[in-house]
Amino acid sequence: MNFSYETDRLLLHILDGSNAQDVLRFYAANRPVFERYEAAHPANFYSVAYQRRVLNYEFNLCIKQKAIRFWVYEKTDPAHVIGTVCFRDIVRNVYQSCEIGYKFDHNFWHLGYAQEAVEKCISIAFFNLNLHRIVAHIMPENEPSIRLAERIGFEREGIARSSALVQGVWEDHIVYSLIHPESP
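S.K.: Even after reading the chapter, I still don't get the pattern of salt bridges, so can you show me in this structure?
M.R.: Where side chains of opposite charge bring their charged atoms close, a pairing between them can arise. In the structure shown here, the tally under the stated rule is eight salt bridges. The salt bridge involving Glu-99 is made with Arg-88; its shortest N-O contact spans 3.3 Å. With a gap of eleven residues between them, Glu-99 in strand β5 (residues 97-104) and Arg-88 in strand β4 (residues 77-91) connect regions that are remote in the sequence. Glu-99 sits in the buried class, given a relative accessible area of 15%.

S.K.: Whenever I open this one, the sheet that holds strand β6 (residues 133-138) confuses me. Can you help?
M.R.: Two orientations exist for strands paired in a sheet by backbone hydrogen bonds: parallel and antiparallel. The strand order across the open sheet built from eight strands is β1-β2-β3-β4-β5-β6-β8-β7, with neighbouring strands paired in mixed fashion. Of all the strands in the sheet, just β1 (4-6) and β7 (155-166) have a single pairing partner and so form its edges. Adjacent strand axes in the sheet meet at a mean angle of 30 degrees, parallel and antiparallel pairs treated alike. Against the sheet, helix α5 (residues 143-152) contacts β5, β6 and β8 (169-179), and its axis sits at roughly 15 degrees relative to β8.

Parameters and conventions
Residues numbered from 1 in each chain as written. Predicted model: local features only at pLDDT ≥ 70, side-chain atom pairs only at ≥ 80, totals over all residues. Heavy atoms only, no water. Salt bridge = Lys/Arg side-chain N within 4 Å of Asp/Glu carboxyl O. Helix = DSSP H or I, 4+ residues; strand = E, 2+ residues; numbered from the N terminus. Buried < 20%, exposed > 50% of the residue type's maximum accessible area, 1.4 Å probe, protein only. Pairing = 2+ DSSP bridges. Axes fitted to C-alpha atoms, helices over the stretch in contact; angles between N-to-C directions. Contact = heavy atoms within 4.5 Å.

Spelled out as structure tokens, the structure:
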């Protein structure tokens with residue numbers, strides 16, 4: 001697997017701790033948007049030191065193919081993160097599956113960047129990592145994420161009741177899945 005990919009308009013990179021400042025800028029600029037769908041963050045989340053540790057940890061998970069996070073950049077501005085697509089909980093053997101998560105800077109919504117990046121990452125998951133199934137858990141009120149998943153071809157499977165602790169509240173999530181199109 002490579003650590004950098006590209007689409008028509010985007011660059012996708014797997015980063016290490018040396019990019020902590022750029023990642024911190026991305027999170028800080030989108031804090032009100034992202035936090036309503038995430039677990040409560042530790043007090044030092046919005047610090048370069050914390051982001052450096054997380055990036056190094058995720059880089060090591062990537063080497064082991066346990067989780068892979070792609071950071072998304074515009075080709076015209078390759079110095080600033082505009083989004084991220086992550087495959088976590090990669091399970092091998094009889095499952096060959098993972099969970100996907102994605103988030104994009106609110107200034108880059110409605111430009112097709114999320115779909116372009118997610119579709120490229122799904123291709124990597126299916127054809128480079130040889131995964132069979134990708135699952136997305138989406139909060140029912142996160143309509144933009146639901147529309148994106150459905151547009152890409154994810155199918156709704158049901159509701160995972162009280163499945164994730166988001167900002168101190170156990171929230172339901174809609175479960176979507178996408179199966180490798182060439183699986184036997």
